[in-house]
Amino acid sequence: MITRISLLFSICLISACASSGGATRTGAPVSTSEPATVRGQTDPAASAQEPARSYPVQVPPQRVDIPATADTPPPPEPAPETPRDRAAPPGTPASTLLASVDQAMAEGDFERAAAVSERALRISPRDAYLWYRLASIRYQQQRYDEAEGFARRALSFAGNDRDLSRDINALLGQIDQR
Amino acid sequence: MWWLIRRLIVVLVAAIAIWCVWIDYKIRRDFSALQWALPARLYARPVELYAGAHLSAAELTDTLRRLGYRESSQVAGPGEYTANGSRVSLWTRGFSFWDGDEPSIYVDVDFLGRRVNALRGNQATGEIALARLEPVEIAQINPDTGEDRLPLALSDVPTDLVNAVIAVEDHRFYNHFGVDPIGIARAFVTNLRAGGIVQGGSTLTQQLIKNLYLTEEQTLRRKIEEALMALALELHFSKEEILGAYMNEIFLGQDGNRAIHGFALAAEHYFGRPLDELDLDELALLAGLPRGASYYHPGRNPQRATDRRNVVLAQMMNQGFISQQQMEQAQAQELSVSARPTQRGSGYPAFMDLVREDLSRDYDADALQTEGLRIFTTLDLRVQNTMEAALNDAVAAVEVPPAPGQAAGAPLEAAMVITDASTGDIRAVAGSRRPGYTGFNRALRAVRPVGSLVKPAVMLAALESGNYSLASVLSDAPVTIELDGDNTWSPRNYDNQMYGDVYLYDALQRSLNLATVDIGMQIGVPDVVNTLRELGLTSNPPPYPSVLLGAVNMSPLDVAQMYQTLASNGFRSPLRAVEAVTTGTGERLARYGIETEQVADPTSMYLLEWAMQGVFERGTARNMATRLDRNLPLAGKTGTTNDLRDSWFAGYGSDLAGVVWLGHDDNRETGLTGSSGALRVWTDIMSKLEIQPRQSFTPADVVFQRVAQQAIRNGNSRDCSDTIMLPFREGQLPDPATSCDNNDSLLDRLIDRVRNIRP
């Protein structure tokens, strides 16, 4: 009798051990960077599944390697760059941030480049070069409408800077052809 | 008989076995999928430090305190600062922003008045041009469970805290299998000796189970189930996994309707600082809380909390985790619980409304409540707090008291929206004159006629048509306009006067209704509606002539959008409250960048701006000119509606644009014009914010010319003894009848002068 009970009990434990392999796949539940599931869900199947992402992932696709087909336009030429020293003297907030913009562009993270340009614009909102920079980032992202808005804004602040005005007009010309 | 008993036993055992299997299954399923519902956290725009930044030493230290920085005589690590006259030294904590990681650095900030004069690093950091503080968390969107936590990997939990918890709660943690009979026996003896409960017999594993399944029930069945679950948990998961989950799961306090779970959040809650900045005595205090977060609450029961902390420290010493000296030092510390403002969750309800509205386009409520998103907003705490501090008094100062004998109704209400003049970022919002008011949000939902606030759009439409200049002569004379059917419309001026022939710029500055209707009817109402929509109006008002005088309903936010376009010289940028959304670990999910579109010709905008600056110099806002003499030139426009029901002012400098609305929720009369009400409130707040003067580039095709001060249609009676200099578009010069420049000969001017010498 007693052996029978202990047998059953050990079966209970063994079954627990044996079935452990497949189910315990995720391991430590401590880092929760993934979208979380509310604990205590009524449907046991739901909590075992990968929770559905209910937010849009809006990070725009990076269009570095788009092949030139009939449908997709070829990747645009890099926008004309103006020399850095015209934009901001070294050691200023703007030059520091422009270095980050360059770095983000080099890494192909256009959206971060745009974000850092915006951060610089909050510090110097009337800096024509920063607006121009933002315009050329959007141009390279093929977001031409936005690029045009920024380029026109840049032009409105360019004042007597003929070189910069020429560059901005050249960019506007390129946008026009799209 | 025996047979029956044996049958019963077999059935019973089978039932127990099935129960075991079920428990085992449940533990594996729940624990391996254990991911907490995490609230979305909303952040204000972080404070940027750079030479020239608009920030005072007091504002900086205020922000540092909100971020839980500790004031110390010598800044030795992240999260500390020293304020010394015009210098504030601090060590930032660093933060994972969506546009890159901000490093943790030491920086000296020198102030000159209300601006940052210079930044200096130390030898390690070198030259610093720019530093960014961590963003202040302004609100959360909480899960329905009411639980909140900041999940942390076990490797990031300070060793002292892990030791303290093990020492006081379960010092045989590494030696048992989830249940600890020896521990239970020892606790029993200890408690017997002490004559009360000083030690629990529950292992950490059992406590974790208890927390996960949230039952207070103390039945034997419950106890057995708990023990079995603890065994199953130990069977399938490592000690580190269990300890890590415990550190994040355990309940450690209550903050309003928010339950504080896990040590990382408890550190923020009780000390206002991150866990890794806490000292031994503070960690020991937290380690004592699982026993009874309310009973040992350091704020409410400081003595009990201190005693409990000292017990934890003594246990740590007994088990060799700390030396006697460490123990004594820590036990001698005062309790240092932060008295931090509990503004979480409901700090800025009007702004939060806007954020929710923006986010609801892309995120459902569930994602916001459970996925631990980080939402970076455009809220500028300097602007928001300055506005909130001043708004109620500013409104009270203009409020018209009820006539004697008349019952006082609900007090005058207000709404205000302040945006960044060049990007359209919403920097501050008030939905009521009372800060923190969570009811009707007037900034978004008080949709009212805007009165003369439309006049700049009428004038812009005229200037854009190319047929009018600032010196175009309009007729401010009675008019009756036929509407559909037999209806007619006979507008009047606010003061019931008529001013005859007036210049276009003058009609705008003095807000003359009849002259505005004159020009509006010349260019056509549909053109004016088009211009309004170009400026950012989203509704589509029917093109009745009354639109010319502001029979258009807009919320203060709509007005802010329209004036934003004027403030950025004809570039419309959609207002935005949310800049980016990331996961809890800083991975970028969405970004809402600045957009801008040119909707008006720069020269037309320049001319309009000139006229609108005159509103402060000569027009309806001139009564505030002396109070704003450090800020002028500014541009703006007053608005008043029928019977003084709404008082509006919208105006802008080079950095900020602001809209103020005053009125009553039941739409009764306020007794205020735009000029006597909203303008004064606007001035109070904008002068405190040190709104920056407008800076305008003069477009290349603008020329300045003199015209006679008095507008006339007949050149023969032109009076050039008193002139005014106005900007004109090249090729759209003043009518010869009014011009007093170039196109006159010297002789003509001499004759003019002689003619005007009167005895």
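What you see as residue numbers is a count from 1 along each chain, following the sequence as written. Chains and ligands are labelled by the order in which they are written, letters from A for the one and numbers from 1 for the other. Per-residue local features are limited, in this predicted model, to residues with pLDDT of at least 70; the limit for side-chain atom pairs, both in listing and counting, is 80 or more; totals at the level of whole chains, interfaces and linings are taken over all residues.

**Describing the overall build of chain A**
And then number 1: Labels follow the DSSP assignment, with helices taken as runs of H or I lasting at least four residues and strands as runs of E lasting at least two, numbered in each case from the N terminus. Along chain A, the regular secondary structure elements total 9 helices and 0 strands.
And then number 2: Tracing chain A from N to C terminus, the helices and strands come up as α-α-α-α-α-α-α-α-α.
And then number 3: Counting all 178 residues of chain A, 34% fall into the buried class.
And then number 4: Two residues form a contact once the distance between their C-beta atoms, set from the backbone, is within 7 Å. Of the contacts formed within chain A by residues at least 6 apart in sequence, a portion of 49% connects residues at least 24 apart. Exposure in this text rests on C-beta crowding, where 20 or more other C-beta atoms within 10 Å of a residue's own make it buried, 12 or fewer make it exposed, and counts in between make it partly exposed. The C-beta atoms are placed from the backbone.

**Some remarks on the confidence of the model for chain B**
All names here are of chain B.
And then number 1: With 94% of its residues at a pLDDT of 70 or more, chain B shows a mean pLDDT of 86.
And then number 2: The low-confidence segment residues 341-345 (pLDDT under 50) makes 7 contacts with residues lying over four places distant or belonging to another chain.
And then number 3: This prediction of the complex comes with two scores: 0.81 for pTM and 0.81 for ipTM. The score called pLDDT rates the predictor's confidence residue by residue, from a low of 0 to a high of 100.

**Side note on the nonpolar core**
All names here are of chain B.
And then number 1: By size, the foremost hydrophobic cluster in this structure holds 135 residues, and its most contacted members are Ala414, Met416 and Leu504.
And then number 2: Sort the elements by how many residues they give to this core and helix 21 (residues 602-617) lands first, with 8 residues.
And then number 3: For this core, the domains that each give at least three residues are domain 4 (441-572 + 591-651) and domain 5 (702-755).
And then number 4: Those residues within four positions of Met416 in sequence are excluded, and the remaining contacts are Met387, Leu391, Ala430, Ala443, Pro556, Gly658, Val659 and Val660.
And then number 5: Ile166, Phe173, Leu233 and Phe263 belong to the second largest nonpolar core, which has 61 residues in total. Core membership is restricted to buried Ala, Val, Leu, Ile, Met, Phe, Trp, Tyr and Cys residues, and these are joined into a nonpolar core through C-beta atoms within 7 Å. What fixes the domain bounds is an automatic or database domain assignment.

**What to know about the sheet that holds strand 12 (residues 147-148) of chain B**
All names here are of chain B.
And then number 1: Two strands are counted as paired when DSSP detects at least two bridges linking them. The 3 strands lie next to each other as 12-14-13, forming an open sheet whose pairing is mixed. The sheet is open, and its two borders are formed by strand 12 and strand 13 (251-255), each paired with just one other strand.
And then number 2: Inspection of the sheet shows strand 13 paired to strand 14 (residues 258-261) by 4 bridges, in the antiparallel sense. Counterpart to Asp255 in the pairing with strand 14 is Arg258.
And then number 3: Against the sheet, helix 8 (residues 263-271) touches strand 12, strand 13 and strand 14, its axis set at about 40° to strand 13. Throughout, an axis means a line fitted to C-alpha atoms (over the contacting stretch in the case of helices), and angles, computed between N-to-C directions, take values from 0 to 180 degrees.

**Description of helix 5 (residues 93-106) of chain A**
Residue and element names in this part refer to chain A.
And then number 1: Over its 14 residues, helix 5 runs 20 Å from end to end, which matches the ideal 20 Å to within 8%, given 1.5 Å per residue.
And then number 2: Those residues of helix 5 that fall on the buried side of the exposure criterion are Pro93, Ala94, Leu97, Leu98, Val101, Ala104 and Met105. Viewed end-on, helix 5 has its buried residues packed into an arc of 120°, placing them on one side of the element.
And then number 3: Gly108 lies just past helix 5 and shows a positive phi near 80°. What a helix is expected to span follows from its residue count: subtract one and scale by 1.5 Å. It is the directions from the helix axis to the C-beta atoms whose arc is reported.

**A short note on unusual backbone geometry**
For residues other than glycine, phi is negative in most cases, and the peptide bonds are mostly trans.
And then number 1: A cis amide bond links Leu632 of chain B with the next residue in sequence, Pro633 of chain B, at an omega value of 5°.
And then number 2: With respect to the secondary-structure elements, Pro633 of chain B resides in the loop between helix 21 and strand 28 (635-640).
And then number 3: With a phi close to 65°, Gln142 of chain A is a non-glycine residue in the positive phi region.
And then number 4: Look at Asn569 of chain B: it is not a glycine, yet its phi comes out positive at around 55°.
And then number 5: Along the polypeptide, Asn569 of chain B turns up in the loop between helix 20 (556-567) and strand 24 (571-572).
And then number 6: The exposure class of Asn569 of chain B is buried, given the 22 C-beta atoms found within 10 Å.

**A short note on helix 16 (residues 455-465) of chain B**
All names here are of chain B.
And then number 1: With 10 of 11 residues buried, helix 16 lies mostly within the body of the structure.
And then number 2: Buried positions along helix 16 lie against helix 17 (504-509), helix 18 (513-523), helix 19 (525-535), helix 20, helix 21 and strand 28.
And then number 3: Gly466 sits one or two positions beyond helix 16 and adopts a positive phi of about 85°.

**So, the environment of Gln103 of chain A**
All names here are of chain A.
And then number 1: For Gln103, the location among the structural elements is in helix 5.
And then number 2: Taking the C-beta count within 10 Å as the criterion, Gln103 has 14 such neighbours and is therefore assigned partly exposed.
And then number 3: Sequence separation between Gln103 and Ala113 is 10 residues; the distance between their C-alpha atoms is 7.9 Å.

**Some details on the packing of helix 10 (residues 302-318) of chain B against helix 11 (residues 324-331) of chain B**
All names here are of chain B.
And then number 1: In contact at an axis separation of 9 Å, helix 10 and helix 11 are set at 175° when each is read in the N-to-C sense. It follows that helix 10 is roughly antiparallel to helix 11 by the angle criterion. Every residue of helix 11 that contacts helix 10 at Asn310, Leu313, Ala314, Met316 and Met317 is listed here: Gln324, Met327, Ala330 and Gln331.
And then number 2: In this classification, the charged set is Asp, Glu, Lys and Arg, the nonpolar set is Ala, Val, Leu, Ile, Met, Phe, Trp, Tyr, Cys and Pro, and all remaining amino acids, among them Gly, are polar. For the contact of helix 10 with helix 11, the class distribution of residues is 6 nonpolar, 3 polar and no charged. Should an angle fall under 35 degrees it is taken as roughly parallel, and over 145 as roughly antiparallel, whereas 65 to 115 is taken as roughly perpendicular and any remaining angle as oblique.

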